[in-house]
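Structure at a glance
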Amino acid sequence: MATVENATEVRPFNIDVPEDRLEDLRRRIAAARLPSKELVEDRSQGVQLETIHELAQYWATDYDWRKAEAKLNTLPQFMTEIDGVDVHFIHVKSEHEDALPLIMTHGWPGSVIELLETIGPLTDPTAHGGKAEDAFHLVLPSVPGYGFSAQPVELGWELSRTARAWADLMRRLGYTRYVAQGGDVGAGVTDAMGRQAPEGLLGIHTNLLVPALGGTMPTDTDEERAAAAQIATFGQSGNGYFVEMATRPQTIGYALLDSPVGLAAWMLDHDTDAYYKIARAFIEDQPSGNLTRDNVLDNITLYWLTGTGASAARSYWEAYGPDAPTAGRQPLPPPPIPVGFTTFPGEIWRTPRSWVEASYPNVVYFNEVERGGHFAAWEEPELFSEELRAAFASVR
């Protein structure tokens, strides 16, 4: 048990997965029982058999987790206890003077894996087409219940609590001025951070408009109506994973912890744009940007080896379920700090500027880019990094 003296200690962390666990994974993949082929030509019945067949074959025979493990272990990784939970994080300091501290939060079905290719462009911009004054010190935490962070053993780890934990983490690291970014679940955490406005937080940036999920956005223009229609389509035919995890995370958790192929299928069935890009990577070996076969499997394998399929699902129950702290209640007041937002074309819905301005009173940056989707930092790390440089330029 942690004592008062060591509870806030920041401890170095290293990954060393026993070989027998990797052998067990390969055996389970080889022994997987697959369903018969879907009866449609698209993804409307779910993840297609050909996609999973190619993924499983590559995973069992060609994929090498040790490469991902070695890559992670070259980075400064740490563990620290916050509010009773051990939190894993990567902390890369820039060599450039006056770098701005930035904490970035991943989403589901992602992890810190989806953010790794942004480390170079953000911490060393001069090597990636930027200027020294664009540099960031980077903190990449794993959300409690995801990856190498511990799984909460009590209720209450919803978005706002994670946001408070991140503010504690930044104070613990000695940062008195910093900014925050997030997509997917990370957008919810970052939105909460902005609303809480802890001392030292200068501004936030997201690439998913969390308030739009409340269904209260204006629909006066063609652009607004198109975005609302995209959200409606997602709600009607694309959010099965969301409903299950927000209402019955434990039920789906049994399958996610028992079958690696089942876990992979569940994680692929997120949004149409990302699904077809990942399917093309496995079937045709034609990745979209950085969504390669190995990178996708690094992320899925991380979930499998850490056994966090169920605990990550429970984070949706905490944040969005019928008993969530925010259910039926008004959110905190809008962030009083500067807000930046980037719309990526393959996102579940294309957020118009008017919606961002309706949600946040102090929008200092908005841009629509030409490439990228829901996993923007993962798919287009250089473009994503350029957006963050521009978004936070005014708060340095």
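Scroll up to find the structure this text is about.
All values derive from a computational prediction rather than experimental measurement.

Rules of the game
- Residues numbered from 1 in each chain as written.
- Predicted model: local features only at pLDDT ≥ 70, side-chain atom pairs only at ≥ 80, totals over all residues.
- Heavy atoms only, no water.
- Buried < 20%, exposed > 50% of the residue type's maximum accessible area, 1.4 Å probe, protein only.
- Helix = DSSP H or I, 4+ residues; strand = E, 2+ residues; numbered from the N terminus.
- Pairing = 2+ DSSP bridges.
- Phe/Tyr/Trp six-rings, centres within 6.5 Å; stacked < 30°, edge-to-face > 60°.
- Contact = heavy atoms within 4.5 Å.
- Axes fitted to C-alpha atoms, helices over the stretch in contact; angles between N-to-C directions.

This paragraph deals with the pairing of strand β8 (residues 339-343). Taking burial as the measure, the five residues of β8 include five buried ones, the bulk of the element. Every second residue of β8 is oriented toward a common face, with Val-339, Phe-341 and Thr-343 on one face and Gly-340 and Thr-342 on the other, all of them buried. Of the strand pairs in this sheet, β8 and strand β9 (residues 363-368) are connected by five bridges, and their pairing is parallel. Directly across from Thr-342, in β9, lies its bridge partner Asn-367.

What follows concerns the packing of aromatic side chains. Summed over the entire model, instances satisfying the criterion amount to 17 aromatic pairs. On the basis of an interplanar angle of 15° and a centroid distance of 5.2 Å, the ring pair of Trp-108 and Tyr-241 is categorised as stacked. In this pair, Trp-108 sits in the loop between β4 (100-105) and α4 (119-123) while Tyr-241 sits in helix α8 (residues 240-247), placing the two residues 133 residues apart along the sequence. The pair Trp-108 / Tyr-241 is uniform in exposure class, with both members buried. Judged by relative accessible area, Tyr-241 falls into the buried class, the value being 5%.

Pairing is mixed in the open sheet, where nine strands are placed in the order β1-β2-β3-β5-β4-β6-β7-β8-β9. Among the strands making up the open sheet, the edge pair consists of β1 (11-12) and β9. Taken together, the five bridges between strand β6 (residues 178-182) and strand β7 (residues 201-206) define a ladder with parallel strand orientation. What sits directly across from Ala-180, in β7, is Ile-204. Along the sheet, helix α16 (residues 381-391) makes contact with β4, β5 (136-141), β6, β7, β8 and β9, crossing β9 at roughly 155°.

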